[in-house]
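Residues per chain are reported as follows:
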Amino acid sequence: MKRDYSVEELKVLDQKHFLHPTSPVKTENGPAFIFTEGKGVYLYDITGKKVIDGMSSLWNVNIGHGRTELGEVAKEQMDKLAFSSCFATFSNEPAILLAKKLAELAPGDLNTTFFTSGGSESNDSAYKLARHYWILKGEISRKKIISRSKSYHGVAIGATSATGLKGFRDFTNSNAPDFLFVDHFSIRALRDLIETEGPETIAAFITEPVQGAGGVHVAPDNYFKEIREICNEYGILMITDEVITGFGRTGKFFAMEHFNVVPDMMCFAKGVTSGYAQLGGVMISEKIRQEFSELSEGTILHGYTYSGHPMACAVGLKNIEIIEKDNLVANSEIRGQELLAGLKVLQAKYPFIVDARGLGLMAGIEISYDGRLLAPQIVTEAAKLGLICRSVVLEAQDIVVFSPPLSISQKELRDLLDILEQAIQEVENQVLANKL
Ligand code: PLP
């Protein structure tokens with residue numbers, strides 16, 4: 001393909017004109033990769049280099065890259081009806097049918113969806129709907145949202161204010177009020193906080209089923225059951241953030257199914273379209289929906305222009321059809337076990353890997369090496385060798401995380417692990433040679 005700009009020119013233009021999300025402001029040589037194509041678990045960059053997308057492009061492309069069916073559906077829908085608003089009494093077929101499908105798939109009585117364009121909007125919507133619910137119930141002092149340390153809920157002002165990873169909150173010097181935090185695994189701390197603040201001031205508790213951006217932290221058995229009981233006891237709404245964990249990522253359709261716990265609200269995004277279109281949402285329980293319609297005489301004064309976007313919803317429906325048809329949830333469970341087993345082998349071999357953990361195709365290795373940060377070096381070496389993974393260094397952690405597409409084959413998974421081991425070995429060699 002003939003290009004208007006050389007690779008070097010594009011890199012310069014990128015540095016000058018494109019402020020990247022969640023990235024260093026300064027880069028020496030511009031972007032490491034300019035991707036041009038994707039197929040299955042592979043991404044190809046502008047120079048022709050092929051890499052395994054070991055992160056599904058940020059816990060996202062669950063069905064893998066290059067599924068042309070999604071483009072076909074998007075075109076068909078855009079040719080027919082690219083956009084119409086869902087405000088007031090307007091609707092469209094893909095939004096209705098996707099909401100129905102989600103009600104069938106979601107646990108318990110989570111039967112109604114409010115659509116957004118992504119995860120941050122979904123979380124902000126959940127906080128606002130929860131607070132509005134308490135206004136309707138006449139419990140107007142219930143405003144506070146409790147979240148967990150090491151959590152990540154996005155970058156809209158509400159979602160950032162609920163994010164336990166302090167660095168994100170410190171990015172600005174002003175966040176939204178009425179967000180509180182508890183230690184990420186402590187039931188006792190949650191109870192104490194509720195008692196100290198007064199249960200009548202707490203609107204909701206929000207949690208990721210498996211903390212992703214915070215470093216793939218899997219909760220101990222019974223944790224969520226106990227959380228559910230505490231929420232019931234104090235009348236607090238339980239919100240789960242399945243933005244990463246939904247749509248098969250952990251080996252169940254939604255991760256809370258592992259724990260047999262049904263929240264009052266559930267946020268989703270990413271895997272609903274596998275990133276092929278911008279879509280998210282928050283699902284609410286039948287009970288909350290009924291109370292909304294019985295108690296509310298006004299309007300839900302909360303809605304995005306793109307809530308219920310017809311093209312995005314049509315892509316979501318096709319994406320879910322592929323997840324079901326290709327048995328990707330089962331594949332995620334099986335390949336996830338192999339991934340974890342492979343990481344545990346590496347842990348046994350390299351003493352500075354102090355933990356290997358995960359659930360389904362969401363996994364991580366934790367490193368401890370004389371106070372040095374090795375995860376970013378491993379990620380850099382892996383990228384050179386043909387594997388994209390991600391480091392987590394916030395909160396004094398040193399973790400490498402993985403979330404390959406759910407469609408990954410056994411052979412591709414073995415390649416991922418082989419490349420990872422080469423990268424780890426290379427970094428260890430550099431440390432031993434005093435180069436790091
Ligand atoms: N919630 C969780 C658990 C996430 O991991 C993310 C993003 O990674 C978000 C919310 C924010 O989603 P988005 O970036 O689509 O706004």
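Right above here is the structure, for reference.
Residues numbered from 1 in each chain as written. Predicted model: local features only at pLDDT ≥ 70, side-chain atom pairs only at ≥ 80, totals over all residues.

This brings us to helix α14 (residues 410-432). Taking 1.5 Å of rise per residue, 23 residues should cover 33 Å, and α14 covers 33 Å from first to last C-alpha, within 8% of that figure. Taken together, the buried positions of α14 are occupied by L413, L416, L417, I419, L420, A423, I424 and V427. (Helix = DSSP H or I, 4+ residues; strand = E, 2+ residues; numbered from the N terminus. Expected span 1.5 Å × (residues − 1). Buried ≥ 20, exposed ≤ 12 C-beta atoms within 10 Å, placed from the backbone.)

Two numbers describe a pair of packed helices, the interaxial angle and the distance between the axes. Running from N to C, helix α12 (residues 328-349) and α14 point in directions that differ by 25 degrees, and their axes come no closer than 10 Å. Taken together, α12 and α14 sit at an angle that is classed as roughly parallel. Classified by chirality, the crossing of α14 by α12 is right-handed. On α14, the residues touching R335, E338, L339, G342 and L346 of α12 are Q410, L413, L417, E421 and I424. (Axes fitted to C-alpha atoms, helices over the stretch in contact; angles between N-to-C directions. Parallel < 35°, antiparallel > 145°, perpendicular 65-115°, else oblique. Left-handed = near helix turned anticlockwise from the far one by under 90°. Contact = placed C-beta atoms within 7 Å.)

For the ligand, the set of nearby residues contains 15 residues, the closest of which are G118, G119, S120, G154 and V243. No other element matches the three residues that helix α5 (residues 119-136) contributes to the shell around the ligand. A class-by-class count of the residues in the shell around the ligand yields six nonpolar, seven polar and two charged. (Near = placed C-beta within 6 Å. Nonpolar A, V, L, I, M, F, W, Y, C, P; charged D, E, K, R; others polar.)

Bringing the sheet that holds strand β1 (residues 35-39) into the picture now. On the basis of which strands lie adjacent, the open sheet formed by four strands has the order β1-β2-β3-β15 and mixed pairing. Edge positions in the sheet fall to β1 and β15 (387-388), since each has one partner strand and no second. With two bridges joining them, strand β3 (residues 50-53) and β15 adopt parallel strand pairing. Directly across from I52, in β15, lies its bridge partner L387. Together, β3 and β15 form the strand contacts of α14, whose direction differs from that of β3 by roughly 105 degrees. (Pairing = 2+ DSSP bridges.)

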